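Residue-level structure breakdown
One letter stands for each residue in the lines below.
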Amino acid sequence: MVTRIRWQILIAVVTSLVVVGMLSAVALSNAAASQVLTGDVYVEGVVGTPRQLNPLLHDAFSPPVERDLAALIFAGLTRIDDQGRAQPDLAARWTVSDDGRVYVFTLRTDRTWHDGRPVTAADVVATVRGVQNGQFPGDPALAAFWRNVLVEALDARTIRFELAAPFAGFPAAARLPLVPAHLYGDLPPERWPAAPWSLRPVGAGAYRLLALDDTQAVLAPHAAAAARFDYLVLRFYPTMDAAAHGLLQGEVQSVATVAVAGRRAPAPPPQTTRLTLPLGEYTLLAFNLQHPPLDDVRFRRALALGINRDVLIANVLAGQGRPLDTPILPGTWAADPTAQLPAFRRSEAQQWLGQIGYADSNGDGWLDLDGERLTLPLLIGDTPEYVALAQELARQFRAIGIALEINRVPLDELPNELAAHNFTLALHRWSNVGDDPDVYALWHSSRAEGGTNYPGLRDARSDELLAEARTTTDATRRRELYRQFQQRWVELIPSLPLYQSLLAYDLDRSPVPVDAAPRIIVTRADRLRLIALVP
C-alpha cells in the first residue's frame with residue numbers, strides 16, 4: 001500500500017506569488033491562490049529552474065527539471081514499462097501490418113486535456129507534423145526520425161502511421177509527448193519556444209500545473225487520473241548539495257541524485273529509504289577499430305581483461321554505477337545475462353599483450369614494441385567528470401604497462417570528433433536508451449561513416465542480426481536475434497562499456513515498497529512514476 005503523508009499546512013500559496021522573467025505569466029487562479037494546500041501533499045527537491053515546458057523542445061542540454069515536469073504533465077500514445085516494453089497510455093491499443101510498415105493506434109475514450117477537451121486524432125497529427133516541420137526548433141534527431149513517417153487521422157480516435165521501412169521499435173517511439181492541437185496547431189513550430197503555452201502547459205498527463213515560480217512548481221492530479229497524492233510539489237534548488245540539505249532539514253520528502261565521476265553523491269540522510277534505480281544511460285570506452293592496435297581483437301581483449309570496472313566505479317563514482325557487458329541494458333526484455341565480457345584478470349591481459357609482441361624491454365614497467373613505448377591517445381570531453389574517469393583509466397592502464405595520452409576537446413565538439421573517427425580511444429556516454437533494444441544506428445556498418453557507429457564496426461554477422469531484429473514484429477524472434485547479437489558483441493569487443501548510471505532516490509518515507517523498484521527507468525524523470533503517475 002502506498003504510504004500517504006498528510007501535511008495540514010505545507011505551503012501557503014498566496015496571490016502575491018513572486019515570479020521572475022518569463023515565468024511571471026504562470027499563477028494560480030484567484031480561487032486557489034488564497035488557499036492553503038491541505039491533504040496528501042508530496043514534495044520533492046530538484047535541481048534547477050525550468051525555462052520552458054514544451055516537452056517537444058527538450059534536448060540533452062535542457063535542465064532535468066523540465067523533463068521532470070513533462071513526465072507529470074504530458075503523455076504519449078505509449079509509455080515504457082520497467083523492462084523496456086511499450087505499453088498503452090493515451091492509446092488503448094494498436095495493430096501492425098504484416099509487412100511491419102503500417103501501425104494503427106486507437107485512442108482511449110477517457111483521456112482529456114487538462115482544459116477539459118478530449119484528446120483526439122487531430123492532436124496526434126498536429127504534434128507529429130509540428131515535429132516534421134522544417135522549422136522545428138527541437139532535437140534534430142527527433143525531427144529526422146519523424147520526417148520519414150506518414151501520419152493521418154482515420155477518424156476522431158484512430159491514427160494511421162506509415163513507415164518508409166519496417167521498424168519494430170515504433171511503439172516505443174510513439175512515446176512522443178503529445179501537445180494539444182487547439183493550442184499549438186496553428187502556431188508555426190519556430191514560434192513554439194516563446195508561445196504562452198510553453199509556459200502555461202496544457203497536457204494530458206496525470207498531473208496539471210497549478211502554479212510555477214522561481215522556487216517551486218505546484219501540481220494537482222488531473223480529474224481523470226487516479227492520483228496517489230492531492231498535490232505534488234517540485235521545489236527548486238541551485239545545487240544537488242542544497243537539495244540534499246533540504247531533505248536533511250525536512251523541507252522536502254525526496255531527492256534523486258546521479259553520481260558524477262570524481263564527485264561523490266550526497267550521502268542519504270538518516271531515517272531515509274534509498275531506492276537504487278538503473279538508468280537508461282551508460283558510459284563506454286570506444287575503440288577505433290580502424291586504428292592499430294585496436295584493429296586487433298586480441299588487443300581489445302587484453303584491454304577488457306586489464307581494466308577493473310568494479311574498482312573504477314568504486315574509485316570514481318563511490319559505487320553508484322554498475323558494470324555492463326553489452327549495449328543492451330540488463331533487466332530489459334532483450335538482455336542476455338549469459339553474454340559477458342571477460343572478467344578482470346591482469347596477468348591474463350599481460351599474457352595477451354605478450355602474444356601480440358609487446359614486452360617490457362627496458363625493465364621500467366612500460367610495454368614497447370620494436371623499441372617504441374606503447375602509448376594510446378584517449379579523447380575526452382573537457383569536463384571534470386571525463387578528466388576523473390580518464391585519470392582512473394590511466395592508472396589502471398599503467399598497471400599493465402600501457403601509457404595513456406589524454407587529449408581534451410570542448411564537450412560540444414566531442415560528437416563531431418567521434419563521428420569523424422578522429423580518435424584511437426575515446427570516452428563518451430549514451431543516454432535515454434532502454435526504451436527499445438534497437439541499436440542499429442550505433443553498431444550497423446551503414447552508420448560507420450559520419451554516423452553514430454563511432455568505432456567503425458563493420459561485421460556482416462552483426463549487420464544481419466541488427467537488420468532483421470529491427471524489422472520483425474515477432475517478439476520471440478526479436479529476443480533471439482538480440483541474444484545472438486550480444487553473443488557476437490562479446491566475441492568482437494568493439495568497445496568496452498564501463499558502467500551503467502544508477503539513480504539514487506532518497507525518500508524520507510518511501511511512498512512505494514522498496515521491492516517495487518523497477519528493473520530500469522529510461523530517463524531520470526521516469527522515477528516520478530513511482531510516486532505520482534498512474535500505472
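Heads up: the structure comes first, above all this text.
Model, not experiment: these values are computed from the prediction. (Residues numbered from 1 in each chain as written. Predicted model: local features only at pLDDT ≥ 70, side-chain atom pairs only at ≥ 80, totals over all residues. Heavy atoms only, no water.)

**A closer look at the environment of arginine 345**
Note the cut-off: Helix numbers and strand numbers start at the N terminus; a helix is a DSSP run of H or I with at least 4 residues, a strand a run of E with at least 2. A simple rule labels every residue: compare its accessible area, found with a 1.4 Å probe on the protein chains alone, to the largest value its type can have, and call it buried under 20%, exposed over 50%, or partly exposed in between.
Looking at the element boundaries, arginine 345 is found in the loop between strand S13 (321–322) and helix H10 (346–356). Look at arginine 345 and you get partly exposed, because its relative accessible area is 39%. Considered as a pair, arginine 345 and glycine 306 are 39 residues apart in the sequence and their alpha carbons are 6.2 Å apart.

**Digging into the nonpolar core**
Where we set the bar: Among buried residues, those of type Ala, Val, Leu, Ile, Met, Phe, Trp, Tyr and Cys that are joined through side-chain atoms within 4.5 Å constitute a nonpolar core. Here, residues are in contact when the closest pair of their heavy atoms is within 4.5 Å.
By size, the foremost hydrophobic cluster in this structure holds 73 residues, and its most contacted members are Leu285, Leu393, Phe397, Leu425 and Leu427. Counting residues per element, this core draws most heavily on helix H11 (residues 384–399), at 7 residues. Excluding its chain neighbours within four sequence positions, the residues that come into contact with phenylalanine 397 are Leu285, Leu303, Ile307, Leu376, Ile402, Leu404 and Leu425. Residues Phe105, Trp113, Leu209 and Leu507 belong to the second largest nonpolar core, which totals 67 residues.

**Details of helix H8 (residues 297–306)**
Burial analysis of H8 places 7 of its 10 residues in the buried class, which makes it a mostly covered element. Here H8 has its buried residues at Phe299, Arg300, Ala302, Leu303, Ala304, Leu305 and Gly306.

**Remarks on the packing of aromatic side chains**
Note the threshold: Aromatic rings from Phe, Tyr and Trp, taking only the six-membered ring of Trp, are treated as a pair when their centres fall within 6.5 Å; an angle between ring planes under 30 degrees marks them as stacked, one over 60 as edge-to-face, and anything in between as tilted. We call a charge positioned above a ring when the Lys NZ or Arg CZ atom is no farther than 6 Å from the ring centre and deviates by at most 35 degrees from the ring normal.
In this structure the tally under the stated criterion is 15 aromatic pairs. The interplanar angle of 65° and the centroid separation of 6.3 Å between the aromatic rings of phenylalanine 105 and phenylalanine 170 together place this pair among those described as edge-to-face. Here phenylalanine 105 is found in strand S5 (residues 102–107), whereas its partner phenylalanine 170 is found in helix H5 (residues 170–173), with 65 residues between them in sequence. Residue phenylalanine 105 is classed as buried on the basis of its relative accessible area, which comes to 0%. One aromatic cluster is present, formed by Trp94, Tyr103, Phe105, Phe145, Trp146, Phe161, Phe167 and Phe170 through successive ring pairs. Above the plane of the ring of tryptophan 197 lies arginine 200, whose end atom (NZ or CZ) is 5.2 Å from the centre. Over the ring of tyrosine 440 we find arginine 470; its NZ or CZ atom is 4.3 Å from the centre of that ring.

**A closer look at the environment of arginine 263**
Tracing the backbone through its elements, the reader meets arginine 263 in the loop between strand S11 (254–258) and strand S12 (273–287). Residues arginine 263 and glutamate 385 lie 122 residues apart in sequence; the distance between their C-alpha atoms is 8.0 Å. Residues in contact with arginine 263, not counting those within four places in the same chain, are Asp241 and Val316.

**Regarding the packing of helix H9 (residues 309–317) against H11**
Which entries qualify depends on this criterion: Note on definitions: angles span 0 to 180 degrees between N-to-C directions of axes, and those axes are lines fitted to C-alpha atoms, for helices only across the stretch in contact. To sort the angles, those under 35 degrees are grouped as roughly parallel, those over 145 as roughly antiparallel, those from 65 to 115 as roughly perpendicular, and the leftovers as oblique. Less than a right angle of anticlockwise turn of the near helix away from the far helix marks a crossing as left-handed, whereas a clockwise turn marks it as right-handed. Put simply, Ala, Val, Leu, Ile, Met, Phe, Trp, Tyr, Cys and Pro go in the nonpolar bin, Asp, Glu, Lys and Arg in the charged bin, and everything else, Gly too, in the polar bin.
Orientation of H9 relative to H11, taken along the N-to-C sense of each, is 140°, at an axis distance of 10 Å. Between H9 and H11, the angle falls in the class oblique. Regarding H9 and H11, the two cross each other, and that crossing is right-handed. From H9, Val311, Leu312, Asn315 and Val316 reach across to H11, where they touch Ala388, Leu389, Glu392, Leu393, Arg395 and Gln396. Class assignment for the residues of the contact of H9 with H11 results in 6 nonpolar, 2 polar and 2 charged.

**Points about the pattern of salt bridges**
Convention followed: When a carboxyl oxygen of Asp or Glu is within 4 Å of a side-chain nitrogen of Lys or Arg, the pair counts as a salt bridge.
A full pass over the atoms with the stated rule returns 27 salt bridges. Across the salt bridge formed by aspartate 68 and arginine 527, the nearest N and O atoms sit 2.9 Å from each other. Placement of the pair is aspartate 68 in helix H2 (residues 64–73) and arginine 527 in the segment after strand S19 (495–507), with a sequence separation of 459 residues. There is no split in this pair, since aspartate 68 and arginine 527 are both buried. With a shortest N-O distance of 3.2 Å, arginine 309 and aspartate 325 are connected by a salt bridge. Pair noted here: arginine 309 is in helix H9 and aspartate 325 is in the loop between S13 and H10, with a separation of 16 residues, a long-range link. You can call arginine 309 buried: its relative accessible area is 11%. Residues joined by salt bridges that share partners form a network here, namely Asp99, Arg101, Glu152, Arg160 and Glu162.

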